[in-house]
Every structure is written in C-alpha cells, then in structure tokens.
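Per-entry structural report
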Amino acid sequence: MTYQDFVNKTGFKPLPDEFIEIGSEYTHSGADADQFYEMWLADGKLLKYANERGKRIIEMEAEINELTDKLDRIHDIITSS
C-alpha cells in the first residue's frame, strides 16, 4: 500500500502519523490493498480521522490563544516600563 494509492482509493490525505497508523492497520488486516481500502471506508475510519483532526485543531487553537495572551501580557509589561 502506498500513500498515493491510499489517497486515490479513499479520497483521504492522511498526515504522516495517521498514515503510519493506517499502514499498521493494513499490515495486520490480512487483506490485500483494495480490500483494505473498502473495509477502511466501510468501518467509518474516514469519519474517525476527521473527528480526531477536528479535536486536534480545537486544541491547537486553544494553545494559540493561550500563547497570544501570554505575548500580550509580555508586551504590556515591556511597553509600560
């Protein structure tokens, strides 16, 4: 299974860490590549990964907001001196 074949057959572009996980699933599935793609989609894996990405984005946004607040406080300290 190659990355490009996976993308072409599923329409999903996994991130590197996701593709490693998917590759492990494929290796342990005992299926050929085409069977695996069908099983992967039928098992709702696309939705699973989309949901996980959504959660990661929300976590990153919260982290960005926290860092922005810290930078604003630092800026306020520096400019008020």
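Below or above, wherever it landed, is the structure these notes cover. All residue numbers refer to positions counted from 1 along the written sequence of the respective chain. For this predicted model, a pLDDT threshold of at least 70 governs which residues receive local features, and a threshold of 80 or more governs which side-chain atom pairs are given and counted, while totals over whole chains, interfaces and linings are taken from all residues. For side-chain calculations, the full set of non-hydrogen atoms in the structure is used, while hydrogens and water are omitted.

**Thoughts on the packing of aromatic side chains**
How two aromatic rings sit relative to each other is given by the distance of their centres and the angle of their planes. Classification of ring pairs rests on two measures: the distance between centres of Phe, Tyr or Trp rings, Trp counted by its six-membered ring, which must be within 6.5 Å, and the angle between planes, read as stacked under 30 degrees, edge-to-face over 60 and tilted in between. Counted by the stated rule, this structure contains nine aromatic pairs. Centre to centre, the rings of Phe 6 and Trp 40 are 4.9 Å apart; their planes meet at 80 degrees, and the pair counts as edge-to-face. Here the residue Phe 6 occupies a position in helix H1 (residues 3-10), and Trp 40 occupies one in helix H3 (residues 33-42), the gap between them amounting to 34 residues. Each residue's exposure class comes from its accessible area (1.4 Å probe, protein chains only) as a fraction of the maximum for that residue type: buried when under 20%, exposed when over 50%, partly exposed otherwise. Judged by its relative accessible area of 0%, Phe 6 falls in the buried class. Taking the centre distance of 5.8 Å and the plane angle of 25 degrees together, the rings of Trp 40 and Tyr 49 count as stacked. Across this residue pair, the class does not change: Trp 40 and Tyr 49 are buried. Members of the aromatic cluster, joined through ring pairs, are Tyr 3, Phe 6, Phe 12, Phe 19, Tyr 26, Phe 36, Tyr 37, Trp 40 and Tyr 49. Think of it as a cone above the ring: NZ of Lys or CZ of Arg counts as a charge over the ring if it is within 6 Å of the ring centre and within 35 degrees of the ring normal. The ring of Tyr 49 has Lys 48 sitting right over it, with the charged end atom 4.4 Å from the ring centre. The numbering of helices and of strands both runs from the N terminus, where a helix is a DSSP run of H or I of at least 4 residues and a strand a run of E of at least 2.

So, to be careful, I would describe these as geometric facts and stop short of saying anything about function.
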